[in-house]
Amino acid sequence: MSIPTLEEKMAALKVTPASPYERKCADALTRGAYEIAVQRTADILDEGYEIFMRSSRSSMGVAGDSIVAMFNASGDLVNASAGTYLHAIIPPIVIKYIIKNYSENPGIKDGDIFYTNDALYGGIHNPDQVAITPVFFDETLVGWTAALSHTTETGAKEPGGMPVSATSRFEEGMNLPPMKIGKNFRINNDIIELFRAFGIRAEANVTVDLKARCTTADRVRVRLVEMCKREGVDFVTGLFRRMLDQAETGARKRLLGWPDGTYRCVTFSDAAGNIRGLIRNCYMTLVKKGDGMVIDFTGTSPENLSSYNAHPQAVVGHLANYIYEYVFHDLPISSASFAPIDFIFPEASCLSPTPRAATSNAVMICTGAMSSVANCLSRARYGTVEWAQATASMGNGGNATVIAGVSQWDQPFADMIAYPINTEGQGGRSCCDGMDAYGFPWCAFGRAPDVEAIENEFPMIIPFSQHWPDSGGHGKYRGGCGTAQFWAVHHVPSLYFMAIADNSTVQTPQPIFGGYAPPTVPGITLRDTKVSKLLQEIEGGVLDFEGLVSGRYGELETEPFGRTTRAIEGDETVTIGLSTGGAGFGDPLERDIASIEQDLVAGLCTQWTAEHIYKVAWNAEHERIDFEKSELMRKEARLLRVSEGIPFAEFEKKWKTRKPPEEILNIYGTWPDAKPTGPAIRP
Amino acid sequence: MKQILHIGDNLNIDLDNEQWVCGKCDHNIGPASENVKYGLLVKERDPTEIHQPLISGEYNFAPNPDWIRILEFYCPQCGLQVETEYLPPGHPITNTTEIDLLSLKSRLASGELLLEAGHLKLNEGKA
């Protein structure tokens with residue numbers, strides 16, 4: 001076997017040095033022609049992205065959770081259109097693997113289509129799949145194209161492609177190493193049959209998404225061939241090289257403007273799949289020096305016997321989410337922009353597991369890395385003129401729910417509900433609140449479907465869909481609120497349900513500069529309640545979140561949000577979909593009182609929080625805050641802090657003697673440094 | 001005029017004296033070469049005091065106090081909440097920010113970095 005090693009993967013992320021020919025071509029580009037051509041690459045990719053969304057079938061593809069990219073002949077990513085930045089950096093690992101291992105056999109020819117979804121070879125997790133095509137002009141390889149997206153079915157032991165009960169990769173369904181799936185611009189029929197077989201639960205999603213990837217990659221290939229015909233191969237070769245040069249130069253310049261230093265963040269979660277327990281899901285030490293930085297994950301908990309592990313390049317992909325949204329937002333999407341960044345991954349950790357590990361929920365264990373990088377980089381940048389782009393972490397809940405069965409249209413389905421993941425709250429910003437229901441931290445440009453679209457597509461009715469009050473972390477600038485939706489089975493006798501999440505006991509994001517994290521997220525259902533009867537009986541026929549948690553609609557059953565597959569009968573509650581809010585920024589007592597009043601009136605903040613956290617006097621009858629009284633309350637609260645606070649050294653002395661209950665340290669590793677306690681054994 | 005670097009919301013470094021300084025009351029918190037938390041007051045909070053349990057039972061929208069605690073760090077003079085950290089009981093407290101002061105002062109002296117309104121700006125001509 002030739003599974004790439006960690007060192008090979010990290011090396012593949014670095015840009016291949018320019019050949020003398022490439023350098024000559026790049027130097028020959030004239031001012032103006034270069035800028036126009038860069039825009040042309042963006043236009044080609046945007047066309048591809050549009051085609052991709054319109055031709056995909058599964059919810060994630062339709063929502064735009066995808067990326068379309070072009071590469072130079074060596075496999076370095078030159079530009080992309082997204083969608084999601086998860087794949088903005090790492091596809092070169094796969095293309096360089098193909099070049100190294102398949103040039104002789106099976107060969108790389110014009111019209112070939114390559115494909116993979118196996119994270120062991122360079123992806124995120126197996127629902128994320130990529131079609132890759134080489135671009136030839138006059139029998140010369142001039143580049144590559146790729147289309148990547150998430151399909152919510154892989155034929156795993158549970159529907160939806162992200163089985164929370166998987167303990168090894170052998171339970172995760174289809175895992176294809178890089179392979180040639182087509183030639184002469186056509187997908188092989190035996191491959192389509194393979195996808196049908198793995199995709200029995202949702203055949204249309206699986207085979208249509210396969211074709212959408214290939215169609216998209218080919219459209220970008222066609223446009224690049226047209227560009228070669230019009231401008232010449234030398235021009236395109238030079239263009240790609242200069243784009244790589246400029247992406248790296250831009251990234252290094254950005255880093256050079258920050259103070260050198262060491263920035264740290266440690267985050268936790270409460271489960272690995274079905275295993276409850278405390279995990280240090282990220283211990284990040286970010287050392288920034290000159291125009292580069294090293295991100296070290298030493299101290300992160302060991303790998304575990306669940307699907308909540310991530311191969312190292314998947315972690316890098318998750319960092320790209322935040323970095324491209326907030327730090328490199330004005331740079332071309334290119335693997336070259338990560339050239340100044342090096343990584344250290346501890347062996348046999350949950351962020352660098354051994355090959356047999358299940359990783360289909362890599363997106364869950366990576367929430368720590370996503371939150372930590374926001375925290376560390378905001379600290380590194382706050383002292384600079386980029387301070388206004390410093391933020392608290394997004395909620396990074398990723399509370400994804402899967403439903404499966406036979407729909408009201410008599411079609412088999414297994415899909416993820418795109419609404420909650422695409423309506424998370426943004427982290428509080430350095431000059432304003434995080435945006436409410438801003439989007440999906442994994443896919444900045446993903447779109448939440450309308451309630452009517454969900455009800456039309458799936459056998460469900462949604463009695464309420466609203467902002468979730470207090471779901472953003474409190475702060476001078478609070479985290480944006482997430483959302484709440486009530487889902488009930490409709491039209492069909494039953495369906496299957498499962499949910500991917502943690503954060504029901506401990507929330508992962510650390511807040512920043514004195515703010516608070518968002519609340520935890522329970523799994524909630526209404527016990528023994530027929531929803532159609534409830535809607536008939538409730539006054540006005542209108543339900544909301546407040547009425548639900550106050551118990552007005554019946555007895556609530558609560559459990560962790562992440563749940564393995566179960567059947568839900570018709571007219572019963574599937575669950576309450578909860579989309580996490582962002583973390584808070586700054587001291588809540590510094591929050592503008594008028595903003596609290598607006599939040600109270602809008603139902604985004606509760607009276608309890610206004611009084612207990614923000615220390616304001618709220619008159620519920622008149623819906624007004626007494627500003628004068630509130631200022632006095634805040635003054636008293638600050639004085640109380642000074643009188644009750646303990647000097648650090650004195651506090652730490654006692655604090656160090658404590659330890660969490662032994663029974664919750666089952667997957668943490670050694671206490672407190674989270675080293676492996678033994679090998680992870682998977683038959 | 002003092003060289004003040006804003007390093008967090010209401011947290012500064014006095015570069016001349018190499019001290020952490022409260023951005024609200026100018027209290028001198030301690031040496032900027034050390035963890036800023038050493039100079040702050042600490043209060044441990046049960047997370048249910050901050051995140052209201054909305055329903056009964058183990059999973060109620062508030063973190064479980066046996067698993068996680070909230071540490072609040074205050075300015076000893078004015079009570080500003082400078083930092084918070086969510087940690088399991090007894091877990092080492094994080095030193096989140098260590099600025100390389102030697103490098104910073106050297107780069108400011110050479111003109112590679114400029115200090116404008118408390119924030120650093122790269123002087124591209126000198127970088």
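Here, residues in each chain are numbered from 1, in the same order as that chain's written sequence. Naming scheme: in the order in which they are written, chains are lettered from A and ligands are numbered from 1. In keeping with the predicted nature of the model, local features appear solely for residues at pLDDT of at least 70, side-chain atom pairs appear and are counted solely at 80 or more, and the whole-chain, interface and lining totals rest on all residues.

Q: I would appreciate a short explanation of the overall build of chain A in the present structure.
A: We count a stretch as a helix when DSSP gives it H or I for four or more residues in a row; a strand needs E for two or more, and each element gets its number in order from the N terminus. From N to C terminus, chain A includes 19 helices and 24 strands. Both definitions apply: the radius of gyration is a C-alpha atom measure, and the globule rule equals 2.2 Å times residues to the power 0.38. Taken over the C-alpha trace, chain A has a radius of gyration of 25 Å; the compact-globule value for 683 residues is 26 Å, and the two agree within 12%. Judged by the C-alpha coordinates and their principal axes, chain A covers about 75 × 60 × 50 Å. Of the contacts made within chain A by residues no fewer than 6 positions apart, 76% connect residues no fewer than 24 positions apart. With C-beta atoms placed from the backbone, a contact is any residue pair whose C-beta atoms sit within 7 Å.

Q: Quick question: what am I supposed to make of the interface of chain A and chain B here?
A: The accessible area lost on association of the parts is a frequent measure of interface size. In this assembly, 68 residues from chain A lie in contact with 58 residues from chain B. When residues of the side of chain A that touches chain B are traced back to their parent elements, those giving at least two are β8 (261-272), α11 (367-382), β18 (522-526), β19 (556-560), α17 (607-612), α18 (627-644), β24 (646-647) and α19 (648-655) of chain A. Broken down by element, the residue count for the side of chain A that touches chain B peaks at 8 residues, all from β8(A). Amino acids outside the nonpolar list (Ala, Val, Leu, Ile, Met, Phe, Trp, Tyr, Cys, Pro) and the charged list (Asp, Glu, Lys, Arg) are all regarded as polar, and Gly is one of them. Its residues assigned to classes, the side of chain A that touches chain B comprises 35 nonpolar, 19 polar and 14 charged.

Q: Before we go on, may I ask you to explain the sheet that holds strand β4 (residues 128-137) of chain A in this structure?
A: Adjacent strands of a sheet pair through backbone hydrogen bonds, lying either parallel or antiparallel. Residues and elements named next belong to chain A. Overall, antiparallel pairing links the 7 strands, which are arranged β2-β1-β5-β4-β3-β6-β7 in an open sheet. Each end of this open sheet is capped by a strand with a single partner; those strands are β2 (77-82) and β7 (186-187). Here, a strand pair is defined by DSSP locating no fewer than two bridges between the strands. When strand β1 (residues 66-72) meets strand β5 (residues 140-150), the two strands line up antiparallel, connected through 7 bridges. In the strand pairing of β5, asparagine 72 is matched with glycine 143.

Q: Looking at this structure, how should I read the sheet that holds strand β5 (residues 41-45) of chain B?
A: Across the sheet, 4 strands lie side by side as β24(A)-β5(B)-β6(B)-β7(B); this open sheet has antiparallel pairing. Edge positions in the open sheet fall to β24 of chain A together with β7 (81-87) of chain B, since each of these has one partner strand only. The pairing of β5(B) with strand β6 (residues 69-74) of chain B spans 5 bridges and is antiparallel. From the neighbouring strand, B:Glu44 faces β6(B), where its bridge partner is B:Leu71.

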